[in-house]
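# Examining the three-dimensional arrangement
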Amino acid sequence: MDTLRQTTDSHHALARRLEDRGVRWVAPMYPDIAGRPRGKVVPVGRLPDLLAGSERYTPRGLDGLGEMDPVEDECITLPDPDRVWVLPWDPRIAVMPADLSQEGRPYELCCRTVLKQQMRRAVDAGYRFLLGVETELYVFRPRPPGSTEPLVPLVASGSRHPTAAYLLDAAFDAVDFLGPLVTAMDDVGFGVFSFDQEGGDGQYELDFHHDDALAIADRLLLFRLMAKHYAAAAGGFATFMPKPSAAAWGSGAHFNMSLESPDGQNLFRDRDGRWTALARSFTAGILSHGRSAAAITNPTVNSYKRLVGSLPGGGVSWAPIWASTGDNNRSCMVRFPKNRPAVEDRLVDSAANTYLAAAFLLAAGLEGIENHLDLDDLVVADGYRVPAAEAARDRRVPRNLLEAVDTFRADPLASKVFTDGFVDEYCAMKEREWNEYHEVVSDWELRRYLTEL
């Protein structure tokens, strides 16, 4: 059998341990461009061969990234034997995050490899990159014909205006979904801090322990499987669409980022709790690429429906519209929180591929450190009340996907983080998405113009 690695005694020992636990099948998971897990399922007895690279794939174009090429050499998955999760809802199955390799080299469209490369850069510079992600999602129940409703509508607890965030009765009403999901997350080691009803009807947030960025990205790959399974078991479906309706609160995925020394010392706050020059330079680097990062952190047409200052019913959106930073200021793109030694990027949304977003933001932060960048004065005002004329035009986050992609393509950092082939394929994919959206004549246009013009 043509494989990239040799099977080892430890591979066979892992297979035996899983068999002893009742596992019958194992699936490598590689993340596609949308952050969804893909892979094949093999009998547990073939796990040593799987770890050696036995399973082959033709991934180009399957998720819209690149064009399908029937003569291109296949990729193989190389699973991580140190990260094996037995599915809590079906202990017959174990999953493992995996890299894609092609012709003995990392596959240029492999999202996990991109993050690992940037994390190696951080290690070479003497840093360990830590990440915590605030996960938000909606859970709906399908209703014919072609409509949906929240899995547990807020009317069950009484209508709440302007927001239902943190209402305990609403969270308790959804415990048939949230309870099994949180239990499963803890069973596989997420370390859940809390979960709650968020601002939208059918919207929830789950927060868990931070870790190195690769570990968090791998967990979120599994989290997508888990959330969708437990939503389906409760009679609904989970969605990571950032803005499922015009009146809905947007679903973010705020990135809380920090750097540690090799001995585990946090480098973003000093002993007196003050933000360090390193933290300021890291943040300045992120802000300097904030507009181009949006193509990765806010990767869909729908993402930009979230990046507005207010909701249709009134009140602020809590999503950033300026590439700015402030001391505990939630209207800024990057916040210096009071309660943790990590900077919070509030631009990232629930549709983002965690691997790609973490890789690009880490690279931007490292560039800020290398170039000794510093921040302008921290924003203390409510950013939603700043007139557009008072803000520099280049500080406005992109208003749509096309603007973000154009900015990303022109940013030299893009070709430092990703291969030229990846940049070309990604931009082409997102331009097609924009064009498909832009070619649709919406109901709003018909109501506004059909009889008025």
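Before going into details, it helps to say that this report is about the structure given with it. (Residues numbered from 1 in each chain as written. Predicted model: local features only at pLDDT ≥ 70, side-chain atom pairs only at ≥ 80, totals over all residues. Heavy atoms only, no water.)

## Quick notes on the layout of surface pockets
- Reported here for the largest pocket is a volume of approximately 1100 Å³.
- In terms of lining residues, the largest pocket is bounded by 45 residues, among which Glu134, Glu205, His254, Arg340 and Glu344 are the most central. (1 Å grid on protein atoms, 1.4 Å probe; cavity = no way out; pocket = protein on both sides within 12 Å on 5 of 7 lines; lining within 4 Å. Points joined across faces, edges and corners; volume = space filled by probe spheres on them.)

## Looking at the pattern of salt bridges
- For the structure on display, the rule yields 31 salt bridges.
- Salt-bridge contacts for Glu134 lead to Arg340; the nearest nitrogen and oxygen are separated by 3.7 Å. Of this pair, Glu134 sits in the loop between β9 (128–133) and β10 (135–143) while Arg340 sits in the loop between β18 (334–336) and β19 (343–345), placing them 206 residues apart in sequence.
- The class of Glu134 is buried, set by a relative accessible area of 14%. (Salt bridge = Lys/Arg side-chain N within 4 Å of Asp/Glu carboxyl O. Helix = DSSP H or I, 4+ residues; strand = E, 2+ residues; numbered from the N terminus. Buried < 20%, exposed > 50% of the residue type's maximum accessible area, 1.4 Å probe, protein only.)

## Points about helix α5 (residues 175–187)
- The terminal C-alpha atoms of α5, which comprises 13 residues, lie 17 Å apart, in line with the 18 Å expected from a rise of 1.5 Å per residue.
- Within α5 the residues assigned to the buried category are Phe177, Leu178, Leu181, Val182, Ala184 and Met185. Around the axis of α5, the buried residues are gathered within 160° of arc, so they sit on the same side. In α5, the exposed residues that point more than 90 degrees away from the buried face are Asp176 and Asp187.
- One or two positions beyond α5, positive phi appears at Gly189, with a value near 95°. (Expected span 1.5 Å × (residues − 1). Arc of directions from axis to C-beta.)

## Quick notes on the nonpolar core
- In terms of nonpolar packing, the biggest core is built from 110 residues, with Phe177, Phe223, Phe282, Phe408 and Phe418 touching the most fellow members.
- Look past the residues within four positions of Phe282 in its chain and what remains in contact with it is Phe129, Met257, Leu259, Phe268, Val343, Leu361, Leu362, Gly365, Leu366 and Ile369.
- Residues Leu14, Leu18, Leu50 and Ala94 belong to the second largest nonpolar core, which totals 13 residues. (Core = buried A, V, L, I, M, F, W, Y, C linked by side-chain atoms within 4.5 Å. Contact = heavy atoms within 4.5 Å.)

## Let's talk about the pairing of β9
- Of all 6 residues in β9, 5 are buried, a share of seventy percent or more.
- Two elements, β9 and strand β14 (residues 211–212), share 2 bridges in a ladder whose sense is antiparallel. Bridge assignment links Leu130 to a residue of β14, and that residue is Asp212. (Pairing = 2+ DSSP bridges.)

## A short note on helix α8 (residues 290–297)
- Extensive coverage of α8 is indicated by the burial of 8 of its 8 residues.
- Within the span of α8, buried status applies to Gly290, Arg291, Ser292, Ala293, Ala294, Ala295, Ile296 and Thr297.
- Buried positions along α8 lie against α7 (277–288), α9 (303–306), α10 (354–370), α11 (401–410) and α13 (420–438).

## Observations concerning empty space enclosed by the protein
- Within the structure shown, the criterion is met by 2 cavities of 30 Å³ or more.
- Roughly 190 Å³ of internal volume is contained in the largest cavity.
- Along its surface, the largest cavity is lined by 20 residues, and Leu220, Arg224, Ser350, Ala352 and Thr354 are the ones closest to its centre.
- Those elements that place two or more of their residues in the lining of the largest cavity are β10, α6 (213–233) and α10.
- By residue number, the principal contributor to the lining of the largest cavity is α6, which donates 5 residues.
- Taken together, the residues of the lining of the largest cavity sort by class into 11 nonpolar, 6 polar and 3 charged.
- In this structure, the second largest cavity spans a volume of roughly 110 Å³.
- Around the second largest cavity, the lining is made up of 15 residues, and of these Tyr30, Asp32, Pro59, Asp63 and Leu109 lie nearest the centre.
- Across the lining of the second largest cavity, the residue classes tally to 10 nonpolar, 1 polar and 4 charged. (Nonpolar A, V, L, I, M, F, W, Y, C, P; charged D, E, K, R; others polar.)

## Notes on the sheet that holds β19
- The mixed open sheet is built from 6 strands, whose spatial order is β14-β9-β16-β19-β18-β17. Single-partner strands in this sheet number two, and they are β14 and β17 (325–327).
- Sheet topology note: the β9/strand β16 (residues 255–260) ladder contains 6 bridges and is antiparallel. Bridge assignment links Phe129 to a residue of β16, and that residue is Leu259.

These figures come from the coordinates and say nothing about function on their own.
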